[in-house]
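Coordinates in review
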Amino acid sequence: MTRTTNGATARNLPPAAFAPVMATGIVSQGLAAAGAPRISGALLAVAVALYAGLLAGLVWRVARYPREVAADLGDTGRVFGFFTFVAGSDVLAARLAPGPWRAAAAALTLVAVPACAVLLGCAARVVRRIGADGAGGAVRRAEGTWFLCVVGVQSAVLAVAGPAPGRGLPGTAIAWAAGLLLYAAVATLVARRLLQFGIPPRELSPPYWISMGACAISLLAGARLAHPGLDAALGPALARDILLALWLWATCLVPPLLAAGAWRHLWHRIPLTYEPTWWTIVFPTGMYAMSTTALGKAEALRPLVLLGHLGAWVALGVWSLSVAGLVHRHIPG
């Protein structure tokens, strides 16, 4: 009975199952930077345990049900979810790298980077196919989860760059710039969808927060590469301007995202109940805090460092609400 149950669970494992790992991992990083090592370590342990269990399920699913996995890789609504595996692996790698677990961090990076390349190819093929269908094609179907491909690319840059600024390998700055271009492309498609076709309240779900998270992780990766990588490629002034522009854009996205949630739940009275997509709010919140801290340190802007530390505690609160919602949903009474 147990084996059957476990097999059924693995078979139904959603592509975006690693979202709690990436969310928990980045909150752990933010709290470590904010000077809370014990809470950070506890969250790291949770993230590692989650990752190990989900990885076992993913490997089992790929080995046992390859046709279903292939179908997901060709499905517009599911293929982008697989980038949570890439981001979860890379976020853990970046968190483990500063300590005695450098070998584990390197192994995670070696798995995640090729996986990201394969998934980018799958996602591009799916988008080309639906774009050829006409009648709006890719524009009509673009939504928040599409930003996960940007998160995957920039998380790979972070993992390769390592925890110390300016230690990225040759080519990481190019990959970072490619991630920015990919962000612009996805944002254009999503904006066109919102303007041309609108979106029903029920579909304005938490994954749209990934638009902010993708910008924030681009900022964090850029801040890690800035000295001397981006400075040498772009010049210190331009590199600084780009990083500040990314922070401003991520900051400007927060009010409309909050307003969209209010419009959805207060105006249209859609019940506010736990759903797995809540983790796509936790990750952007934690990533915004971490990237703000990194930018403040890179540019010697103390107020941003303090704001980032405050944001880490806010992210812990959002993480706690998500855990409480999960427990309430699955534990009777």
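That block above? That's the structure.
Residues numbered from 1 in each chain as written. Predicted model: local features only at pLDDT ≥ 70, side-chain atom pairs only at ≥ 80, totals over all residues. Heavy atoms only, no water.

Counting its secondary structure elements, the chain contains 13 helices and zero strands. The linear arrangement of helices and strands in the chain, starting from the amino end, is α-α-α-α-α-α-α-α-α-α-α-α-α. Buried positions account for 49% of the 333 residues belonging to the chain. Considering only contacts in the chain between residues 6 or more positions apart, those separated by 24 or more positions represent 79%. For the chain, the exposed surface amounts to about 15600 Å²; the carbon and sulfur share of it is 70%. (Helix = DSSP H or I, 4+ residues; strand = E, 2+ residues; numbered from the N terminus. Buried < 20%, exposed > 50% of the residue type's maximum accessible area, 1.4 Å probe, protein only. Contact = heavy atoms within 4.5 Å. Areas by Shrake-Rupley, 256 points an atom, 1.4 Å probe, with all protein chains shown as cover.)

For helix α11 (residues 236-267), built from 32 residues, the straight-helix expectation of 46 Å at 1.5 Å per residue is met to within 8% by its first-to-last C-alpha distance of 46 Å. Taken together, the buried positions of α11 are occupied by A239, L243, L246, W247, A250, L253, L257, A260 and R264. Backbone geometry just downstream of α11 places R269 in the positive-phi region, at approximately 55°. (Expected span 1.5 Å × (residues − 1).)

Let us now look at a nonpolar patch on the surface. Together, L307, L310 and V314 line one region of the surface with nonpolar side chains, adding up to about 260 Å² of accessible area. Relative to the elements of secondary structure, L307 occurs in helix α13 (residues 302-330). According to the relative accessible area criterion, L307 is partly exposed, its value standing at 36%. (Patch = residues over 30% accessible without salt bridge, like charges linked within 9 Å, V, L, I, M, F, W, Y side chains within 5 Å. Salt bridge = Lys/Arg side-chain N within 4 Å of Asp/Glu carboxyl O.)

Axis separation between helix α3 (residues 37-64) and α13 bottoms out at 13 Å; the angle between their running directions is 40°. It follows that α3 is oblique to α13 by the angle criterion. Judged by the sense of rotation from one axis to the other, the crossing of α3 with α13 is left-handed. Contact residues: I39, L43 and V46 in α3; W313, L316 and W319 in α13. (Axes fitted to C-alpha atoms, helices over the stretch in contact; angles between N-to-C directions. Parallel < 35°, antiparallel > 145°, perpendicular 65-115°, else oblique. Left-handed = near helix turned anticlockwise from the far one by under 90°.)

So, about the side chain of H309. Turning to its location among the elements, H309 is positioned in helix α13. Overall, the relative accessible area of 18% leaves H309 in the buried class. Excluding its chain neighbours within four sequence positions, the residues that come into contact with H309 are A33, A34 and T293.

Per the stated rule, a full pass over the model turns up seven aromatic pairs. Relative to W278, the ring of Y274 lies with its centre 5.4 Å away and its plane at 75°, an arrangement referred to as edge-to-face. Here the two residues Y274 and W278 agree in accessibility, since each one is buried. Within the aromatic cluster, the residues linked to one another by ring pairs are F18, Y51 and F85. (Phe/Tyr/Trp six-rings, centres within 6.5 Å; stacked < 30°, edge-to-face > 60°.)

Another aspect to go through is the layout of surface pockets. Taken as a whole, the largest pocket holds about 1100 Å³ of empty space. Lining the largest pocket are 41 residues; nearest its centre among them are W209, V254, L257, L258 and I281. At the level of secondary structure, the elements contributing two or more residues to the lining of the largest pocket comprise α9 (172-196), α10 (210-234), α11, α12 (279-298) and α13. The element contributing the most residues to the lining of the largest pocket is α11, with 13 residues. Here the second largest pocket is characterised by a volume of approximately 780 Å³. Of all elements in the fold, only α2 (19-33), α3, α12 and α13 reach the threshold of two or more residues within the lining of the second largest pocket. Looking at the lining of the second largest pocket, the element that brings in the most residues is α13, giving six residues. (1 Å grid on protein atoms, 1.4 Å probe; cavity = no way out; pocket = protein on both sides within 12 Å on 5 of 7 lines; lining within 4 Å. Points joined across faces, edges and corners; volume = space filled by probe spheres on them.)

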